[in-house]
Amino acid sequence: MNKNVFKKISKAKVASEELALSPNSKRMLILKNLARNLRANKRAIIYANRKDLRKMDVNSPLYDRLLLDNERIEKMA
């Protein structure tokens, strides 16, 4: 596995453990910030997603699962 990917995965694991132990008010603030950032970066997310999907077979069952649009991003937010 690429060292950079492994480092990012390790950091994400530590962050998730810290988040799980944090007070509810802090978790809610983080979730609200994530939702705001998803909405603010919707265009860039959709653009990057389209670039990635171009590399996939449209008939793949994963294609629809990975497809992001305004509605799906809003649901995530």
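Preceding block: the structure.
Residues numbered from 1 in each chain as written. Predicted model: local features only at pLDDT ≥ 70, side-chain atom pairs only at ≥ 80, totals over all residues. Heavy atoms only, no water.

Peer 1: Which residues make up the overall build of the protein, and what are the values?
Peer 2: When its secondary structure is counted, the protein shows 5 helices and 0 strands. Of the regular secondary structure in the protein, the N- to C-terminal order runs α-α-α-α-α. In summary, the protein has a C-alpha radius of gyration of 16 Å against a globular reference of 11 Å for 77 residues, an excess of more than 25%. If one aligns the C-alpha atoms of the protein with their principal axes, the spans along those axes are about 45 × 35 × 20 Å. Residue burial in the protein is summarised as follows: out of 77 residues, 10% are buried. Sequence separation of 24 or more characterises 36% of the internal contacts of the protein that already satisfy a separation of 6 or more. In the form shown here, the protein has an accessible surface area of approximately 6,800 Å², with 58% of it arising from carbon and sulfur atoms. Distance from the positive charge centre (19 side chains) to the negative charge centre (8 side chains) of the protein: 7 Å. (Helix = DSSP H or I, 4+ residues; strand = E, 2+ residues; numbered from the N terminus. Rg over C-alpha atoms; globule rule 2.2 N^0.38 Å. Buried < 20%, exposed > 50% of the residue type's maximum accessible area, 1.4 Å probe, protein only. Contact = heavy atoms within 4.5 Å. Areas by Shrake-Rupley, 256 points an atom, 1.4 Å probe, with all protein chains shown as cover. Lys, Arg positive; Asp, Glu negative; His and termini not counted. Charge placed at Lys NZ, Arg CZ, Asp CG, Glu CD.)

Peer 1: Pulling in residues and values, what's your account of helix α1 (residues 3-21)?
Peer 2: Compared with an ideal rise of 1.5 Å per residue, which puts 19 residues at 27 Å, α1 spans 27 Å between its outermost C-alpha atoms and is within 8% of the ideal. Measuring from the side-chain oxygen of the N-cap residue of α1 to the backbone nitrogen of N4 gives 2.8 Å; that N-cap residue is N2. (Expected span 1.5 Å × (residues − 1). Polar contact = N/O pair within 3.5 Å; in protein donor to acceptor, adjacent residues only side chain to side chain.)

Peer 1: Quick rundown of helix α3 (residues 42-53)? Include the residues and the values.
Peer 2: Between the first and last C-alpha of α3 there are 16 Å, a value that for 12 residues agrees with the 16 Å anticipated at 1.5 Å per step. Of the surrounding secondary structure, the elements contacted by the buried residues of α3 are α2 (24-40), α4 (61-66) and α5 (70-76).

Peer 1: Hey, could you go over a nonpolar patch on the surface for me, with residue numbers and the actual values?
Peer 2: A contiguous nonpolar surface patch, about 280 Å² in accessible area, is contributed by M28, L31 and L34. Note that L31 resides in helix α2. (Patch = residues over 30% accessible without salt bridge, like charges linked within 9 Å, V, L, I, M, F, W, Y side chains within 5 Å. Salt bridge = Lys/Arg side-chain N within 4 Å of Asp/Glu carboxyl O.)

Peer 1: So what's going on with the pattern of salt bridges? Residues and values would help.
Peer 2: Side-chain pairs of opposite charge can arise where the charged atoms are in close proximity. Applying the stated rule across the entire model yields 5 salt bridges. Note that K42 and E74 form a salt bridge whose closest N and O atoms lie 3.5 Å from each other. One end of the pair, K42, is in helix α3; the other, E74, is in helix α5, and 32 residues separate them in sequence. Taking relative accessible area as the criterion, E74 reaches 33% and is therefore assigned partly exposed.

Peer 1: Describe the environment of F6, naming the residues involved and giving the relevant values.
Peer 2: Position of F6 relative to the elements: it lies in helix α1. The class for F6 is exposed, based on a relative accessible area of 51%. Each C-alpha atom of the pair F6 and K55 lies 24 Å from the other, and the pair is 49 residues apart in sequence.

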